[in-house]
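Tertiary structure, described
Given next are the chains, with one letter for each unit.
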Amino acid sequence: MSGGEGLKSPRLSVVIACTHSSRDLAPVLSALRNQAGADSVEVIVADGSGDMAVDYARLQGEGVVTLRFAQGTPLPVLWGAGIHASHGALIAILDDCSVPDRQWVSSILAAHESSDLVIGGAVEPSPQRSLVDWAAYFCEYGQFMLPLSGGVVSELPGNNIAFKRAALGRGAAFVEPEFWKTYWCRTLQHEGVQLRSTPAMRVYDRKSYRLVPFLIRRYHHGRCFAGMRRTQLSPVMRGLYTVGTPVLPCLFLWRIAGPIMQKRRYLSEFMLSLPISILAVVSWSWGECCGYLAGPGRSCEWIR
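Residues numbered from 1 in each chain as written. Predicted model: local features only at pLDDT ≥ 70, side-chain atom pairs only at ≥ 80, totals over all residues. Heavy atoms only, no water.

For any two aromatic rings, the description comes down to two numbers: the centre-to-centre distance and the angle of the planes. Going through the model one piece at a time under the given rule, you end up with 15 aromatic pairs. Seen from their ring centres, Phe174 and Tyr183 are 5.6 Å apart, and the 25° between their planes marks the pair as stacked. Pair check on accessibility: Phe174 and Tyr183 agree, each one buried. A ring pair is formed by Tyr209 and Phe214, whose centres lie 5.3 Å apart and whose planes are at 45°; its orientation type is tilted. Grouping residues by exposure puts Tyr209 and Phe214 together as buried. One aromatic cluster in this structure is built from Trp134, Tyr137, Phe138, Tyr141, Tyr266 and Phe270. Lying across the ring of Tyr56, Arg68 places its NZ or CZ 3.8 Å from the centre. (Phe/Tyr/Trp six-rings, centres within 6.5 Å; stacked < 30°, edge-to-face > 60°. Buried < 20%, exposed > 50% of the residue type's maximum accessible area, 1.4 Å probe, protein only. Lys NZ or Arg CZ within 6 Å of the ring centre and 35° of its normal.)

A few words now on the environment of Glu140. With respect to the helices and strands, the residue Glu140 is situated in helix α5 (residues 131-141). Ignoring any residue separated from it by four or fewer positions in sequence, one finds Glu140 in contact with Tyr209, Phe214, Arg217 and Arg218. A distance of 2.3 Å separates polar atoms of two side chains, one belonging to Glu140 and the other to Arg217. One polar contact links Glu140 to Arg218, side chain to side chain, over a distance of 3.5 Å. (Helix = DSSP H or I, 4+ residues; strand = E, 2+ residues; numbered from the N terminus. Contact = heavy atoms within 4.5 Å. Polar contact = N/O pair within 3.5 Å; in protein donor to acceptor, adjacent residues only side chain to side chain.)

We now examine helix α4 (residues 104-111). In terms of burial, α4 is largely enclosed, as 6 of its 8 residues are buried. All buried positions along α4 are accounted for by Trp104, Val105, Ser107, Ile108, Leu109 and Ala111.

Within this model, the second largest pocket holds a volume of roughly 580 Å³. For the second largest pocket, the lining is made up of 20 residues, of which Thr19, His20, Ser208, Tyr209 and Arg304 are closest to its centre. Secondary structure elements with two or more residues in the lining of the second largest pocket: α1 (22-33) and α7 (211-230). With 3 residues, α7 is the single largest residue contributor to the lining of the second largest pocket. In terms of residue class, the lining of the second largest pocket is built from 5 nonpolar, 8 polar and 7 charged. (1 Å grid on protein atoms, 1.4 Å probe; cavity = no way out; pocket = protein on both sides within 12 Å on 5 of 7 lines; lining within 4 Å. Points joined across faces, edges and corners; volume = space filled by probe spheres on them. Nonpolar A, V, L, I, M, F, W, Y, C, P; charged D, E, K, R; others polar.)

Right, here's the structure in full:
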């Protein structure tokens, strides 16, 4: 791993948003150090954890570029700053709870030998998870669980995506100063850019939650999503989306359950955590309703 100053033109810049602690960050950095081709990788940590135990001097001595932010800084701000500070021809996005497997860097480099601009991969669950953690995983990343078919897809995970720098010329409003993956990818799709998935590009999700904070987080994420979308809709469409929010829990549960039933993995964990997943989709749906009615409020500050 090398910092931007040590590499005139790194092949790949890895931007890691740290919102939890140095304890979560350590396995991610360790996994990157052991990658094949790590010498051609620039690593940038945008830290908004407020964790005083983060040893910036040691990280910089290891070639890691560190950017410090106030505790609670939202993920899009951290990612946007990291992207702005990067130098690589390719840029990959991680968070401090997403540990890449041993072939992650080489998989990114191999996938980007193609002309595709934006490529994402699989998100696998880490072992020994609570039922709340399982529900969170299924709600947020279940569709990206292995086995994963490679090819053109409609969505990519925000914690395992890599793109060519040339792609940043499109949808600039969703890149700087804040990187909003969902809206950026949608802008690219509207311009005819295809999103591609490769199962070889894998990370392992290690996020852990308590029930009430998780449900509050889902509400704010839903309200932020709808509040941002609201600005792009006519009054008539805003009204239609608002009226339609009561059906969202059923739609979301269908989307969550479909891939799990098809892949036949973690079925017992899914069934045991299903009541929590139901609460989560209801919380998100209520957030969407509020977002369409009143805008995002301060909910986008909870994207972390």
